[in-house]
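For reference, the chains in residue letters:
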Amino acid sequence: MRRTRGGGDGAAAGKGRGGRARLPLRRSLLGRLLAVSALVAACSVAATAWIAVQTTSGAIKQEQGQNLTADARIYDTLLEYAARNPTWDGVGATVRELARESGRRVALTTQSRQPLADSATAATAPALPPQASAVVDPLAVDTVLAARGTDGQRTAADRIDPRAVGPFRLSTADSTALRRTADAKVACLNRAGIASDVVVGASGRPRVQIVGNDPERALGTRCDLAALDTPTRSEQKALDALTALADACLKRQGREGVRLNNDLSWGDPAAVEVPGEAGPLSPRPVPEPEPRDAPVAEAAPSAVPQERTGENDRAIASCVGTARSEQLSSYVASPALLFIGDEGGATLPGFDLSPANTAKIAGAAALVLALTVGASVFAGARLVRPLHALTGAAQRMRDGEQPASVPVSGDDEVGRLAAAFNDMSAHRARLEEQRKAMVSDVAHELRTPLSNIRGWLEAAQDGLADPDPAFVSSLLEEAVQLQHIIDDLQDLAAADAGVLRLHPEPVGVRELLSQVAAAHQARAENAGVTLTVAATGPEPALRADPVRLRQAVGNLVSNAVRHTPEGGRVTLSAYASDASDASKGGDEVADGGDDGGKACDGTVVIEVRDTGSGIPAEDLPHVFDRFWRAEKSRSRRTGGSGLGLAIVRKLVEAHGGTVEATSTEGEGSVFALRLPAGTEPSGP
């Protein structure tokens, strides 16, 4: 890549400055923008037209049709009501609740269309459609709409709802007694290591259900489940009546009577082991089974066993089904017509896209496509023009030429990009100037102590100076100052790299200020400056690195003492501040966390106030820059190294805070550190 840039790329750059050849349209941004825009527009128009037609047709069909899931739930709820109640009296509340949940109109009428219940809220209910949505009849269930029973065993031939139990419903006393027996059997099986549960059916009869896919594990245990299969007196009576009705039906066909078992099977089968039960029981029903929890009575011998044939079984199954319907008819509600529709009762006609409508859609699509292409050409031309200018400026900057700003055409995205490029170019120029100045300043600051040390050593070597204590002290002072500059540069480098290590802990702010004041008291007295710590209000809570915080405050105090004339004053103070503290806070207040101590949520402000000469307003934005001095003529001995305030800013930012300076020329300056409030410091 380096070699390519030095050869062909350099030639291309030179050609670009003199007049770069334009790219082919198919490879340019404008060409790609036009192609993509046209493709997107065409696809959008076609997709929009197709979606509009499909959506309209689908919406009409949805209004005309039915939501199968919602309709099935409505149908199943009303079917349960009919199976458990002999009449439709009181169904109005159920109908209104179903209508509220589904957002649709639900109406029930008799088969002669006499209203039973209607959820319509209008004063005059809209007319019902000529075709009912379904017929609610628990003795002739619509197997398409009906929800499956809890046992999942209903087939298409089983048209009687399993919740219609009629005379097989147990009394409260019988159900309670059987439940106690079932609970005892479950406890017995659990003791034998077999998990089982009690399941109560629609008739109120409990049964034991083995958990898992191997119910035969209950066989051979001492937990006899046969006791749960003994019918009650009411169940035996109902089974006898059902057998009599079935026999009557068979006799009318010239057939022999049938012997019904507990589970509505017939014949005289051999005992079999039923999964989940411990004992020989009769087999499960084949045609038209009653729910397993309803008829459980003993077989009623009503006929002599007869030869089993397929034709005879079909006749028996038909008669048993007819007998069940006849027996349950007085216990369930009569058949009713169910109507499900919208609240207004309106129906939408079918929708066909006519040739005229097709032509309109095609014309609109072509118009939109033409407008899109035209707008894309206009926008693409405006977009490419400033991009060419940006590309040329970036290439000139890459080639080392003096960066120049590009014209900002507007406040759109491209204009903002141009403005950002100009800012970046100016910032890059400033950084380059600062880098050069910093290299020069570092070299100057290091050269001075090194030159002094070299001069003294050469003088001693030539015999011009005696290595007495004063000589050694002078060399040590120069070495200490040299070490101080190197340490400052190292701290700044660590802060810039983000590796400045802090060890935060609860800090007593006023104690820390007292320590800093004591460390600088001698220098202040030599300069004739009064150095004090002011106590205002309760002590704020702060969590920070005490060593780094003392370093930052110490740099501020040293700077204040240096620039305060004899007879002046330097005051240190600390207080808690929040966003609403306008009297003590500055224009900006850093957000703090939960202090958990005596100070409120917000920031802790540490101020160093002096009555020195002040800083001119034009110099205030630069006081925290590296190697900056208000008076360029000051040397390192009179004006410091120029790194102290830069280090203060980095240390405070590492703590998540900010530092600011305010000054009035001739009156003094105030430097404020704003740090996030922390926990209450330990100790007094």
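Values in this document were obtained by computation on a predicted structure and should not be read as measured data.

A. Main features of the overall build of the chain. Regarding its fold elements, the chain presents 14 helices and 15 strands. The long-range fraction of contacts in the chain, counting pairs at least 24 apart against all pairs at least 6 apart in sequence, stands at 71%. Surface exposure of the chain reaches about 38100 Å², of which carbon and sulfur atoms provide 55%.

B. Spatial organisation of the environment of Gly612. Mapping Gly612 onto the fold places it in the loop between strand E13 (603-610) and helix H13 (636-639). With relative accessibility at 4%, the residue Gly612 sits in the buried group. Separated by 52 residues in sequence, Gly612 and Thr664 have C-alpha atoms that sit 9.5 Å apart. Here Gly612 is in contact with His563, Thr564, Pro565, Gly666, Glu667 and Gly668, once residues within four sequence places are set aside.

C. How the structure looks around the pattern of salt bridges. The full count for this structure, using the stated rule, is 14 salt bridges. When the shortest N-O distance is used, the salt bridge between Glu101 and Arg73 registers 3.1 Å. With a gap of 28 residues between them, Glu101 in helix H4 (residues 92-102) and Arg73 in helix H3 (residues 68-84) connect regions that are remote in the sequence. By relative accessible area, which is 45% here, Glu101 ends up partly exposed. Judged by relative accessible area, which is 34%, Arg73 ranks as partly exposed. Here Arg179 ties to Asp183 by a salt bridge, and the two come within 3.1 Å at their closest N and O atoms. Linking Arg179 with Asp183, this pair stays in helix H5 (residues 172-191), spanning four residues, or about one helical turn.

D. Representation of the state of the cysteines. Across all of its chains, the model carries two disulfides by this definition. The disulfide bridge from Cys188 ends at Cys223, spanning 1.8 Å between sulfur atoms. A torsion of -85° about the S-S bond marks the disulfide between Cys188 and Cys223 as left-handed. Of this pair, Cys188 sits in helix H5 while Cys223 sits in the loop between strand E5 (206-210) and helix H6 (233-252); the two residues are 35 residues apart in sequence, bridging distant segments of the chain. Exposure remark for Cys188: the relative accessible area of 18% places this residue in the buried category. Between Cys249 and Cys319 runs a disulfide, and the two sulfur atoms are separated by 2.3 Å.

E. Quick peek at the packing of aromatic side chains. Under the definition given, this model contains two aromatic pairs. Between Tyr81 and Trp88, the ring centres sit 6.0 Å apart and the planes meet at 15°, which makes this aromatic pair stacked. Look at Trp88 and you get buried, because its relative accessible area is 7%. Judged by centre distance (6.1 Å) and plane angle (85°), the ring pair of Phe624 and Phe671 falls under edge-to-face. Of the two residues, Phe624 is situated in the loop between E13 and H13 and Phe671 in strand E15 (residues 668-676); the sequence distance between them amounts to 47 residues. Each member of the pair, Phe624 as well as Phe671, is classed as buried.

F. Structural view of helix H7 (residues 310-328). For H7, which comprises 19 residues, the first-to-last C-alpha distance of 27 Å matches the rise-based estimate of 27 Å (1.5 Å per residue) to within 8%. Next to the buried residues of H7 lie H6.

G. Quick look at the sheet that holds strand E10 (residues 530-533). Spatially, the five strands line up as an open sheet ordered E10-E12-E13-E15-E14, and their pairing is mixed. Looking at the sheet topology across the chains shown, the edges are occupied by E10 and strand E14 (658-664). The average angle at which neighbouring strand axes cross in this sheet is 15°, direction not considered. In the sheet, E14 pairs with E15 via seven bridges, with the strands oriented antiparallel. Paired with Ala661 across the bridge in E15 is Phe671. Each of E14 and E15 touches helix H14 (residues 644-654); the most contacted strand, E15, lies at about 25° to it.

H. Region of interest: the sheet that holds strand E2 (residues 115-118). Pairing is antiparallel across the open sheet formed by four strands, whose spatial order is E2-E1-E8-E3. A strand with exactly one partner marks an edge of an open sheet, and here the two such strands are E2 and strand E3 (134-136). Averaged over all neighbouring strand pairs, the angle between strand axes comes to 25°, with direction disregarded. Bridge analysis of strand E1 (residues 105-110) against strand E8 (residues 336-341) gives six bridges, and the strand direction is antiparallel.

I. A look at the side chain of Asp137. Within the secondary structure layout, Asp137 lies in the loop between E3 and H5. With no salt bridge to any partner, buried Asp137 finds its closest opposite charge in Arg159, at an N-O distance of 7.1 Å. Excluding residues that lie within four positions of it along the chain, Asp137 makes contacts with Leu79 and Pro335.

J. View of the packing of helix H11 (residues 509-526) against helix H12 (residues 546-562). H12 packs onto H11 with a crossing angle of 35° between their chain directions and a minimal axis gap of 10 Å. The crossing of H11 and H12 is right-handed. Contact residues: H11 offers Leu512, Leu513, Gln515, Val516, His520, Arg523 and Ala524, while H12 offers Pro546, Leu549, Arg550, Val553, Gly554, Val557, Ser558 and Val561. The residue inventory of the contact of H11 with H12, partitioned by class, reads nine nonpolar, four polar and two charged.

K. Spotlight on the nonpolar core. In this structure, Val553, Leu572, Ile606 and Leu673 are the most contacted members of the largest nonpolar core, which totals 46 residues. Examining the composition of this core, we find that seven residues originate from one element, H12, more than from any other. Here Leu572 is in contact with Leu513, Val516, Leu531, Thr532, Val533, Ala534, Val553, Val557, Glu607 and Val608, once residues within four sequence places are set aside. Ranked by size, the runner-up nonpolar core spans 22 residues in total, among them Ile74, Trp88, Ala117 and Ile340.

Procedures and definitions
- Residues numbered from 1 in each chain as written.
- Predicted model: local features only at pLDDT ≥ 70, side-chain atom pairs only at ≥ 80, totals over all residues.
- Heavy atoms only, no water.
- Helix = DSSP H or I, 4+ residues; strand = E, 2+ residues; numbered from the N terminus.
- Contact = heavy atoms within 4.5 Å.
- Areas by Shrake-Rupley, 256 points an atom, 1.4 Å probe, with all protein chains shown as cover.
- Buried < 20%, exposed > 50% of the residue type's maximum accessible area, 1.4 Å probe, protein only.
- Salt bridge = Lys/Arg side-chain N within 4 Å of Asp/Glu carboxyl O.
- Disulfide = S-S within 2.5 Å.
- Phe/Tyr/Trp six-rings, centres within 6.5 Å; stacked < 30°, edge-to-face > 60°.
- Expected span 1.5 Å × (residues − 1).
- Pairing = 2+ DSSP bridges.
- Axes fitted to C-alpha atoms, helices over the stretch in contact; angles between N-to-C directions.
- Lys, Arg positive; Asp, Glu negative; His and termini not counted.
- Left-handed = near helix turned anticlockwise from the far one by under 90°.
- Nonpolar A, V, L, I, M, F, W, Y, C, P; charged D, E, K, R; others polar.
- Core = buried A, V, L, I, M, F, W, Y, C linked by side-chain atoms within 4.5 Å.

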